[in-house]
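What follows is each chain in one-letter form.
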Amino acid sequence: LAIPTSAYSSYSSCRQYREDLDAAEAAVDGAVRFDKVGPFAESPQFIRANARAVVAAWRELRASMGDGVAKLLFVTHSIPLTMNAASGSGAASTRYEAQTLRVAQKVAEVASAELGEELDWELTYCSRSGSPHIPWLEPDVNDRMEELEGVEGVVTAPIGFISDHMEVLYDLDTQASETAEAQGLKYVRAATVDDDPEFVELLVDKLVELAAVARGELSSA
């Protein structure tokens, strides 16, 4: 049973893993079978775990800047526009960008209700790579912070990632933090879902369900 560390559906975050697992199966003549947990970004547990992280970060920001104008920037890994168009089923509502926007909207709604404050949010991207001639999803989180006017503080929320790896520790804790400082913005980075108990429970449930499918006790997971 395999758990991908990406919650969303696109070629590099979902189908490529399946292709690699299929190749591994073929290499041992099917002696080992791999079953992969599917995308889980829109699960209520993932939404609530991210909302808790946003609430904690927002309260930290408010403690340092009071009632000034603040912005919530959700951040996920950018991908080429062609990959985005081919993600999900290919229909606009199933694409990577659409998935992430729905998650951001739901997280913002849950966090706003908890805080008693309507959060002003946008979706931004990080970790663009490759040829500059190939268009990727935008805006970059740093570029967007440099464009903000009348804003005194920013919370970045890494909803595209589940743990503190390079795209979080460098792209957000280093680069984005430096951009915020250069712009005179108070800055707080929300936690990843990481070991949030409800998120961990979600993964356990996914594995238990997948195991039941492998045993023939369920028709699908």
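First things first, this report covers the structure right here in the doc. Every value quoted in this text rests on a predicted model; they were computed, and no experiment measured them. (Residues numbered from 1 in each chain as written. Predicted model: local features only at pLDDT ≥ 70, side-chain atom pairs only at ≥ 80, totals over all residues. Heavy atoms only, no water.)

Observations concerning the side chain of lysine 71
We apply this condition: Every helix listed is a DSSP run of H or I at least four residues long, and every strand listed is a run of E at least two residues long, numbered separately from the N terminus. Burial classification: accessible surface area is computed with a 1.4 Å probe over protein chains only, and a residue below 20% of its type maximum counts as buried, one above 50% as exposed, and the rest as partly exposed. Here a residue-residue contact requires only that any non-hydrogen atoms of the pair lie within 4.5 Å.
Positionally, lysine 71 belongs in strand S1 (residues 70-77). Among the residues examined, lysine 71 registers a relative accessible area of 7% and is labelled buried. Excluding residues within four positions of it along the chain, lysine 71 makes contact with Trp58, Asp120, Glu122, Leu148, Val151, Gly153, Val154 and Val155.

Thoughts on the pairing of S1
Keep this limit in mind: A pair of strands is labelled paired if DSSP reports no fewer than 2 bridges between them.
Counting buried positions along S1 gives seven out of eight residues, so the element sits mostly inside the fold. When S1 meets strand S3 (residues 153-157), the two strands line up parallel, connected through five bridges. The residue bridging lysine 71 from the neighbouring strand is valine 154, located in S3.

Comments concerning the nonpolar core
Most often, soluble globular proteins keep nonpolar side chains buried together rather than apart. Let me state the cut-off plainly: Here, nonpolar core refers to any group of buried Ala, Val, Leu, Ile, Met, Phe, Trp, Tyr and Cys residues whose side-chain atoms link them within 4.5 Å.
By size, the foremost hydrophobic cluster in this structure holds 43 residues, and its most contacted members are Phe40, Phe46, Phe74 and Phe199. Elements with a contribution of two residues or more to this core: helix H2 (44-65), S1, helix H4 (96-115), strand S2 (121-126), S3 and helix H8 (197-214). Sort the elements by how many residues they give to this core and H2 lands first, with eleven residues. Excluding anything up to four places from it in sequence, phenylalanine 199 contacts Phe40, Phe46, Ala49, Ile162, Val193 and Asp194. If you look at the next biggest cluster of nonpolar residues, it comprises 15 residues, including Val141, Met145, Val168 and Ala176.

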